[in-house]
Amino acid sequence: MSLVWSRDPYSPKRQAISVRSLVAAAVVIADAEGLEALSMRRVAAELGSGTTSVYRYVKNRDELLDLMVDAVRGEDFPRLPSGDWRSDLARIAYGQRELMLRHPWLGTLLATRPALGPHSLRHMDYALAAAESLTADPTRAANVIGLIGDYVLGAVSRELAELEARRRTGQSEDEWRASVAPYIREVVESGAYPHFARRVVEARDPSFTEQFTFGLERILDGIGAC
(Lines give C-alpha, C1' and ligand atoms only; values in the text may rest on other atoms or scores of the structure.)
Protein backbone atom coordinates (compact mmCIF):
# COMPACT_ATOMS: atom_id res chain seq x y z
CA MET A 1 0.00 0.00 0.00
CA SER A 2 1.43 3.40 -0.97
CA LEU A 3 0.85 6.48 1.14
CA VAL A 4 -0.68 9.56 -0.42
CA TRP A 5 2.43 11.47 0.64
CA SER A 6 4.74 9.22 -1.40
CA ARG A 7 3.02 9.71 -4.78
CA ASP A 8 3.20 12.56 -7.24
CA PRO A 9 -0.13 14.41 -7.30
CA TYR A 10 -2.47 13.88 -10.23
CA SER A 11 -2.21 16.89 -12.57
CA PRO A 12 -4.43 16.71 -15.65
CA LYS A 13 -3.94 19.10 -18.56
CA ARG A 14 -7.41 20.55 -18.05
CA GLN A 15 -7.78 20.80 -14.29
CA ALA A 16 -11.33 21.53 -13.19
CA ILE A 17 -10.55 20.84 -9.54
CA SER A 18 -7.42 20.35 -7.47
CA VAL A 19 -6.38 18.36 -4.44
CA ARG A 20 -6.40 21.58 -2.43
CA SER A 21 -9.97 22.47 -3.40
CA LEU A 22 -11.08 18.88 -2.83
CA VAL A 23 -9.60 18.83 0.68
CA ALA A 24 -10.96 22.29 1.50
CA ALA A 25 -14.48 21.21 0.53
CA ALA A 26 -14.15 18.06 2.63
CA VAL A 27 -13.03 20.07 5.67
CA VAL A 28 -16.03 22.40 5.33
CA ILE A 29 -18.40 19.42 5.24
CA ALA A 30 -16.77 17.70 8.22
CA ASP A 31 -16.70 20.92 10.28
CA ALA A 32 -20.39 21.53 9.70
CA GLU A 33 -21.82 18.02 9.75
CA GLY A 34 -19.20 15.60 11.07
CA LEU A 35 -17.26 12.80 9.42
CA GLU A 36 -20.39 10.70 9.02
CA ALA A 37 -21.61 13.16 6.39
CA LEU A 38 -18.36 12.97 4.43
CA SER A 39 -18.23 10.83 1.31
CA MET A 40 -16.47 11.06 -2.02
CA ARG A 41 -19.83 11.56 -3.71
CA ARG A 42 -20.72 14.43 -1.36
CA VAL A 43 -17.38 16.17 -1.93
CA ALA A 44 -17.74 15.79 -5.68
CA ALA A 45 -21.22 17.31 -5.54
CA GLU A 46 -19.93 20.28 -3.53
CA LEU A 47 -17.31 20.90 -6.23
CA GLY A 48 -19.77 20.41 -9.08
CA SER A 49 -17.74 17.47 -10.33
CA GLY A 50 -18.33 13.79 -10.97
CA THR A 51 -17.35 11.25 -8.32
CA THR A 52 -15.10 9.46 -10.83
CA SER A 53 -13.11 12.65 -11.31
CA VAL A 54 -12.47 12.92 -7.57
CA TYR A 55 -11.00 9.41 -7.50
CA ARG A 56 -8.33 10.55 -9.94
CA TYR A 57 -6.95 12.80 -7.20
CA VAL A 58 -7.34 10.54 -4.16
CA LYS A 59 -7.73 6.77 -4.22
CA ASN A 60 -10.27 6.51 -1.42
CA ARG A 61 -11.86 8.20 1.60
CA ASP A 62 -8.97 7.21 3.86
CA GLU A 63 -6.52 9.15 1.72
CA LEU A 64 -8.86 12.12 1.81
CA LEU A 65 -8.94 11.95 5.61
CA ASP A 66 -5.13 11.92 5.75
CA LEU A 67 -5.02 15.01 3.55
CA MET A 68 -7.66 16.74 5.67
CA VAL A 69 -5.72 16.15 8.89
CA ASP A 70 -2.57 17.58 7.41
CA ALA A 71 -4.38 20.54 5.89
CA VAL A 72 -5.80 21.70 9.22
CA ARG A 73 -2.50 21.03 10.99
CA GLY A 74 -1.05 23.54 8.57
CA GLU A 75 -3.29 26.29 9.97
CA ASP A 76 -0.95 26.74 12.91
CA PHE A 77 2.76 26.68 12.15
CA PRO A 78 4.90 26.03 15.24
CA ARG A 79 7.46 28.55 16.31
CA LEU A 80 11.03 27.65 17.19
CA PRO A 81 11.32 26.22 20.71
CA SER A 82 12.21 28.84 23.31
CA GLY A 83 14.35 26.48 25.39
CA ASP A 84 11.82 26.53 28.24
CA TRP A 85 10.31 23.07 27.96
CA ARG A 86 7.34 23.86 30.18
CA SER A 87 6.16 26.91 28.26
CA ASP A 88 6.85 25.22 24.92
CA LEU A 89 4.88 22.09 25.81
CA ALA A 90 2.05 24.20 27.22
CA ARG A 91 1.92 26.15 23.95
CA ILE A 92 1.67 22.86 22.06
CA ALA A 93 -1.19 21.69 24.27
CA TYR A 94 -3.19 24.92 23.97
CA GLY A 95 -2.62 25.01 20.22
CA GLN A 96 -3.86 21.46 19.79
CA ARG A 97 -6.92 22.20 21.92
CA GLU A 98 -7.82 25.22 19.82
CA LEU A 99 -7.38 23.23 16.61
CA MET A 100 -9.57 20.37 17.83
CA LEU A 101 -12.31 22.75 18.95
CA ARG A 102 -12.19 24.44 15.55
CA HIS A 103 -12.39 21.07 13.77
CA PRO A 104 -14.38 18.72 16.05
CA TRP A 105 -13.72 15.70 13.82
CA LEU A 106 -9.94 15.97 14.13
CA GLY A 107 -9.59 14.27 17.52
CA THR A 108 -11.19 11.07 16.25
CA LEU A 109 -8.63 10.78 13.46
CA LEU A 110 -5.63 11.71 15.62
CA ALA A 111 -6.64 9.00 18.09
CA THR A 112 -6.88 6.25 15.47
CA ARG A 113 -4.18 6.87 12.86
CA PRO A 114 -0.63 8.24 12.76
CA ALA A 115 -0.45 11.63 11.06
CA LEU A 116 2.45 11.49 8.58
CA GLY A 117 1.87 14.48 6.34
CA PRO A 118 4.42 17.31 6.12
CA HIS A 119 2.54 19.69 8.42
CA SER A 120 1.96 16.97 10.99
CA LEU A 121 5.62 15.95 10.87
CA ARG A 122 6.63 19.58 11.34
CA HIS A 123 4.50 19.78 14.47
CA MET A 124 5.92 16.51 15.78
CA ASP A 125 9.47 17.67 15.10
CA TYR A 126 8.78 20.90 17.00
CA ALA A 127 7.30 18.99 19.93
CA LEU A 128 10.28 16.65 20.15
CA ALA A 129 12.66 19.60 19.92
CA ALA A 130 10.79 21.29 22.78
CA ALA A 131 11.06 18.14 24.88
CA GLU A 132 14.82 17.95 24.27
CA SER A 133 15.36 20.78 26.74
CA LEU A 134 13.79 18.46 29.34
CA THR A 135 15.50 15.20 28.42
CA ALA A 136 18.10 13.95 25.96
CA ASP A 137 16.44 10.51 25.91
CA PRO A 138 14.34 10.31 22.71
CA THR A 139 12.12 7.58 24.18
CA ARG A 140 11.29 9.69 27.21
CA ALA A 141 10.74 12.74 25.00
CA ALA A 142 8.29 10.77 22.85
CA ASN A 143 6.49 9.51 25.96
CA VAL A 144 6.15 13.08 27.27
CA ILE A 145 4.68 14.27 23.97
CA GLY A 146 2.33 11.28 23.90
CA LEU A 147 1.17 11.94 27.46
CA ILE A 148 0.34 15.56 26.72
CA GLY A 149 -1.40 14.60 23.49
CA ASP A 150 -3.52 12.02 25.30
CA TYR A 151 -4.51 14.59 27.91
CA VAL A 152 -5.53 17.14 25.30
CA LEU A 153 -7.49 14.50 23.39
CA GLY A 154 -9.41 13.39 26.48
CA ALA A 155 -10.11 16.89 27.78
CA VAL A 156 -11.27 18.23 24.44
CA SER A 157 -13.39 15.15 23.73
CA ARG A 158 -15.31 15.85 26.95
CA GLU A 159 -15.72 19.51 26.03
CA LEU A 160 -16.94 18.64 22.54
CA ALA A 161 -19.39 16.09 23.96
CA GLU A 162 -20.92 18.81 26.14
CA LEU A 163 -21.20 21.17 23.17
CA GLU A 164 -22.80 18.41 21.11
CA ALA A 165 -25.31 17.70 23.90
CA ARG A 166 -26.30 21.36 23.91
CA ARG A 167 -26.74 21.30 20.15
CA ARG A 168 -28.72 18.06 20.20
CA THR A 169 -31.08 19.04 23.03
CA GLY A 170 -31.31 22.73 22.21
CA GLN A 171 -30.68 23.50 25.90
CA SER A 172 -28.04 25.90 27.12
CA GLU A 173 -26.04 25.06 30.23
CA ASP A 174 -28.23 27.36 32.35
CA GLU A 175 -31.41 25.81 30.95
CA TRP A 176 -30.17 22.31 31.70
CA ARG A 177 -29.25 23.30 35.24
CA ALA A 178 -32.71 24.77 35.76
CA SER A 179 -34.33 21.56 34.51
CA VAL A 180 -32.44 19.33 36.96
CA ALA A 181 -32.43 21.78 39.88
CA PRO A 182 -35.48 20.28 41.69
CA TYR A 183 -33.94 16.82 41.66
CA ILE A 184 -30.50 18.06 42.77
CA ARG A 185 -32.16 20.02 45.59
CA GLU A 186 -33.85 16.82 46.81
CA VAL A 187 -30.54 14.96 46.70
CA VAL A 188 -28.75 17.68 48.67
CA GLU A 189 -31.50 17.97 51.28
CA SER A 190 -31.65 14.19 51.77
CA GLY A 191 -28.28 14.22 53.53
CA ALA A 192 -27.41 10.91 51.88
CA TYR A 193 -24.53 12.34 49.88
CA PRO A 194 -22.78 14.93 52.07
CA HIS A 195 -19.65 15.34 49.95
CA PHE A 196 -21.65 15.75 46.77
CA ALA A 197 -23.92 18.21 48.57
CA ARG A 198 -20.96 20.30 49.66
CA ARG A 199 -19.66 20.35 46.11
CA VAL A 200 -23.04 21.58 44.85
CA VAL A 201 -23.48 24.22 47.54
CA GLU A 202 -19.93 25.51 48.04
CA ALA A 203 -17.88 24.77 44.95
CA ARG A 204 -17.55 27.07 41.95
CA ASP A 205 -18.03 25.62 38.47
CA PRO A 206 -14.85 26.35 36.50
CA SER A 207 -14.99 26.94 32.76
CA PHE A 208 -13.65 24.37 30.33
CA THR A 209 -10.58 26.53 29.82
CA GLU A 210 -9.96 26.70 33.57
CA GLN A 211 -10.36 22.93 33.90
CA PHE A 212 -8.00 22.36 30.97
CA THR A 213 -5.38 24.67 32.45
CA PHE A 214 -5.60 23.03 35.88
CA GLY A 215 -5.11 19.56 34.45
CA LEU A 216 -2.31 20.60 32.12
CA GLU A 217 -0.41 22.35 34.91
CA ARG A 218 -0.62 19.23 37.09
CA ILE A 219 0.66 17.05 34.24
CA LEU A 220 3.57 19.41 33.61
CA ASP A 221 4.31 19.39 37.36
CA GLY A 222 4.48 15.61 37.25
CA ILE A 223 6.68 15.57 34.16
CA GLY A 224 9.09 18.01 35.77
CA ALA A 225 9.29 15.91 38.92
CA CYS A 226 10.22 12.69 37.10
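Structure's up top.
The text that follows walks through the structure, step by step, so that each part is easy to find. (Residues numbered from 1 in each chain as written. Predicted model: local features only at pLDDT ≥ 70, side-chain atom pairs only at ≥ 80, totals over all residues. Heavy atoms only, no water.)

A look at the nonpolar core
In a soluble, globular protein the nonpolar side chains are often hidden away together inside.
Thinking step 1. Counting residues in each nonpolar core, the largest one holds 50 residues, and the members touching the most others are Leu38, Leu64, Met68 and Trp105.
Thinking step 2. Within the residue set of this core, elements represented by two or more residues are helix H1 (19–33), helix H2 (40–47), helix H4 (61–73), helix H5 (85–102), helix H6 (106–112), helix H7 (118–132), helix H8 (138–169) and helix H11 (208–225).
Thinking step 3. The greatest single-element share of this core, amounting to nine residues, is contributed by H8.
Thinking step 4. The residues touching Leu64, leaving out its near neighbours within four places in the chain, are Leu22, Val23, Ala26, Leu38, Met40 and Val43. (Core = buried A, V, L, I, M, F, W, Y, C linked by side-chain atoms within 4.5 Å. Buried < 20%, exposed > 50% of the residue type's maximum accessible area, 1.4 Å probe, protein only. Helix = DSSP H or I, 4+ residues; strand = E, 2+ residues; numbered from the N terminus. Contact = heavy atoms within 4.5 Å.)

As for the environment of Trp105
Thinking step 1. Mapping Trp105 onto the fold places it in the loop between H5 and H6.
Thinking step 2. A relative accessible area of 3% places Trp105 in the buried class.
Thinking step 3. Remark: the alpha-carbon pair of Trp105 and Ser82, spanning 23 residues in sequence, is separated by 31 Å.
Thinking step 4. The residues touching Trp105, leaving out its near neighbours within four places in the chain, are Val27, Ala30, Asp31, Leu35, Met68, Val69 and Val72.

A look at the packing of aromatic side chains
Thinking step 1. Per the stated rule, a full pass over the model turns up two aromatic pairs.
Thinking step 2. When the ring of Tyr151 is compared with that of Phe212, the centres are 5.3 Å apart and the planes differ by 35 degrees; the resulting orientation is tilted. Of this pair, Tyr151 sits in helix H8 while Phe212 sits in helix H11, and the two are 61 residues apart along the sequence.
Thinking step 3. Given the relative accessible area of 18%, Tyr151 is considered buried.
Thinking step 4. Residue Phe212 is classed as buried on the basis of its relative accessible area of 2%.
Thinking step 5. Feature note: the residues Tyr94, Tyr151 and Phe212 constitute an aromatic cluster, connected by ring pairs.
Thinking step 6. Above the face of the Phe212 ring, Arg97 is positioned so that its terminal group lies 5.2 Å from the ring centre.
Thinking step 7. Sitting over the face of the ring of Phe214, Arg218 holds its NZ or CZ atom 4.9 Å from the ring centroid. (Phe/Tyr/Trp six-rings, centres within 6.5 Å; stacked < 30°, edge-to-face > 60°. Lys NZ or Arg CZ within 6 Å of the ring centre and 35° of its normal.)

Focus on the pattern of salt bridges
Thinking step 1. One pass over the full model with this rule turns up 16 salt bridges.
Thinking step 2. Linking Arg97 and Glu159 is a salt bridge whose minimum nitrogen-to-oxygen distance equals 3.1 Å. With Arg97 in helix H5 and Glu159 in helix H8, this residue pair connects regions lying 62 residues apart in the sequence.
Thinking step 3. Between Arg199 and Asp205 there is a salt bridge, with the nearest N and O atoms lying 2.8 Å from each other.
Thinking step 4. Exposure remark for Arg199: the relative accessible area of 40% places this residue in the partly exposed category. (Salt bridge = Lys/Arg side-chain N within 4 Å of Asp/Glu carboxyl O.)

Observations regarding the packing of H1 against H2
Thinking step 1. Two numbers describe how H1 lies on H2: the axes approach to 9 Å, and their chain directions differ by 110 degrees. Between H1 and H2, the angle falls in the class roughly perpendicular. Here the hand of the crossing between H1 and H2 comes out right-handed. For the pair formed by H1 and H2, the contact residues are Ser21, Leu22, Ala25, Ala26, Ile29 and Glu33 on the first element and Arg42, Val43, Glu46 and Leu47 on the second.
Thinking step 2. Each residue belonging to the contact of H1 with H2 can be placed in one class, and the counts come to six nonpolar, one polar and three charged. (Axes fitted to C-alpha atoms, helices over the stretch in contact; angles between N-to-C directions. Parallel < 35°, antiparallel > 145°, perpendicular 65-115°, else oblique. Left-handed = near helix turned anticlockwise from the far one by under 90°. Nonpolar A, V, L, I, M, F, W, Y, C, P; charged D, E, K, R; others polar.)

Here's the deal with the environment of Ala25
Thinking step 1. You can see Ala25 is positioned in helix H1.
Thinking step 2. As a C-alpha pair, Ala25 and Met68 span 43 residues in sequence and 9.6 Å in three-dimensional space.
Thinking step 3. Not counting residues within four places of it along the chain, the set of residues in contact with Ala25 comprises Val43 and Leu47.

Structural notes on the environment of Ser18
Thinking step 1. Within the secondary structure layout, Ser18 lies in the segment before H1.
Thinking step 2. Relative accessible area serves as the criterion here: at 23%, Ser18 is assigned to the partly exposed category.

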